[in-house]
Amino acid sequence: ERKSRGSKAEVRSRGVAKEKTLECGQIVWGLAFSACPAAEEGETDPTCAVGLPCLILATGLNDGQIKVWEVQTGHLLFSLLGHQDVVRDLSFAPNGSLILVSASRDKTLRVWDLSRDGRQVQVLSGHVQWVYCCSISPDCSMLCSVAGEKTALLWSMRSYTLIRRLEGHQSSVVSCDFSPDSALLVTASYDACVIMWDPYTGEQLRTLRHVPLHSALDYSGEVHTSSLRSVCFSPEGLYLATVADDRLLRIWALELRSPVAFAPMTNGLCCIYFPHGGFIATGTRDGHVQFWTAPRVLSSLKHLCRKALRTFLTTYQVLALPIPRKLKEFLTYRTF
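Not measured: the values here are computed from a predicted model.

Each value, and the rule that gives it
- Residues numbered from 1 in each chain as written.
- Predicted model: local features only at pLDDT ≥ 70, side-chain atom pairs only at ≥ 80, totals over all residues.
- Heavy atoms only, no water.
- Helix = DSSP H or I, 4+ residues; strand = E, 2+ residues; numbered from the N terminus.
- Buried < 20%, exposed > 50% of the residue type's maximum accessible area, 1.4 Å probe, protein only.
- Contact = heavy atoms within 4.5 Å.
- Pairing = 2+ DSSP bridges.
- Axes fitted to C-alpha atoms, helices over the stretch in contact; angles between N-to-C directions.
- Phe/Tyr/Trp six-rings, centres within 6.5 Å; stacked < 30°, edge-to-face > 60°.
- 1 Å grid on protein atoms, 1.4 Å probe; cavity = no way out; pocket = protein on both sides within 12 Å on 5 of 7 lines; lining within 4 Å.
- Points joined across faces, edges and corners; volume = space filled by probe spheres on them.

Asks: Where do I start with the overall build of the protein in this structure?
Replies: Looking only at helices and strands, one finds four helices and 23 strands in the protein. Counting over 336 residues, the protein shows a buried share of 49%. In the protein, once contacts between residues fewer than 6 apart in sequence are set aside, the share between residues at least 24 apart is 43%.

Here it is in structure tokens:
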């Protein structure tokens, strides 16, 4: 935009965009951006006034509050009250509906509708430990939540009821994420394993085990050296990133059972892919966010077709199609 105005306009505009500081008044434990709104024709920026749409940032605080901000202006839109303890994680529905799910140390998840003045829609109870992470599937049909327990819970985003418990980990599950087509769910645990699930059937498809890269990196003989902290899918759905306590960021290709890339990092707690791929951001205990280049891949036509189909077909619908068995196995990620 600035370049199109000419060099004089560019000089005048320098320094106009200032950093914003949102004063939350509490330790901030969780953050979530809403889906980026589309500007109306003729508008340069989507406007907001709580009439929405605008780009929104939700912040989960130490005292159980959720403060919701308009990013463009830094204006506080809502203070959502209900949780009795730290709000540990937040997730907006990817369809732009302004449904927000919060996960808390009070062992509940709460569903909020920001399009209805931040009204609390539902309280989801089922965990017996602190809830660490929540993730809404890209098709907005399911919600996964994990706590300091060996099971992950899968909820319906339509009825807000429990669909199933996913059992398979040997220690606390701490992170979860859906693939971009909603056909896969991954969970990461202190047991040093990532399990890839079919969320529709509850079937375990494969397990990725975190083993030391080599003995020089095995810093201690403790059982939890490789405890996992975070897992996330890449935007095209062919890679996973994981952060573990063995001081490594790993990149995994879905069709392989071993990592394709490593990066040394200390005190890692969380990771997330840049929405358009190519980069990963990691957060650490010592207060840093680091950025890493990630493998790029040109998706095969087969994968693009699978992704397009699985965006609107469940596993059961695929299995009911009059197509060869091998094709069904490919479409349901049983084979690659």
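Asks: It is not clear to me how the sheet that holds strand β16 (residues 203-209) should be interpreted in this structure. Could you clarify?
Replies: Backbone-to-backbone hydrogen bonds join strands into a sheet, with any given pair of strands oriented parallel or antiparallel. Strand order in the open sheet formed by four strands is β13-β14-β15-β16, and the pairing between neighbours is antiparallel. The sheet terminates laterally at β13 (173-178) and β16, the two strands that pair on one side only. Across the sheet, the axes of successive neighbouring strands diverge by a mean angle of 20°, strand direction being ignored.

Asks: Would you take a moment to explain the pairing of β13 for this structure?
Replies: Two faces, one strand: in a regular strand the side chains alternate between the faces of the sheet. Of all the six residues making up β13, six are buried; the element is thus mostly covered by neighbouring parts of the structure. Sheet topology note: the β13/strand β14 (residues 185-189) ladder contains five bridges and is antiparallel. Within β14, the residue paired with C176 across the bridge is T187. Two successive antiparallel strands, β13 and β14, enclose a turn made up of six residues, where S182 displays a positive phi of approximately 70°.

Asks: Where do I start with the pairing of strand β15 (residues 193-198) in this structure?
Replies: Of all the six residues making up β15, six are buried; the element is thus mostly covered by neighbouring parts of the structure. With burial as the criterion, each face of β15 is covered, one bearing C193, I195 and W197 and the other bearing V194, M196 and D198. In this sheet, β15 lies alongside β14 in antiparallel orientation, the contact comprising four bridges. Across the sheet, the residue bridging to A188 is V194, located in β15. Taken together, β14 and the strand that follows it, β15, pair antiparallel across an intervening segment of three residues, in which A192 is found at a positive phi of about 75°. The pairing of β15 with β16 spans six bridges and is antiparallel.

Asks: In this structure, what is going on with the packing of aromatic side chains? I would like to understand it.
Replies: Each pair of aromatic rings is reported with the distance of its centres and the angle of its planes. Enumeration over the complete set of coordinates arrives at one aromatic pair. Taking the centre distance of 6.4 Å and the plane angle of 75° together, the rings of F274 and F279 count as edge-to-face. According to the relative accessible area criterion, F274 is partly exposed, its value standing at 40%. When its relative accessible area of 38% is taken as the criterion, F279 is described as partly exposed.

Asks: What exactly am I supposed to notice about the layout of surface pockets here?
Replies: Empty space left among the atoms is revealed by rolling a probe the size of a water molecule over them. For the second largest pocket, the calculated volume is near 150 Å³. In terms of lining, the second largest pocket is formed by L238, Y239, A253, E255, V297, S300, K302, H303, R306, F330 and F336. In terms of residue count, the dominant contributor to the lining of the second largest pocket is helix α2 (residues 301-310) (three residues).

Asks: What is the right way to read the sheet that holds strand β2 (residues 56-61) from this model?
Replies: Read from one edge of the open sheet, four strands run β1-β2-β3-β4, paired in antiparallel fashion. Looking at the sheet topology across the chains shown, the edges are occupied by β1 (28-33) and β4 (75-80). Direction aside, neighbouring strands of the sheet carry axes that sit 20° apart on average. Alignment of β1 against β2, held across five bridges, turns out to be antiparallel. Note on β2: the bridge partner recorded for V28 is L61.

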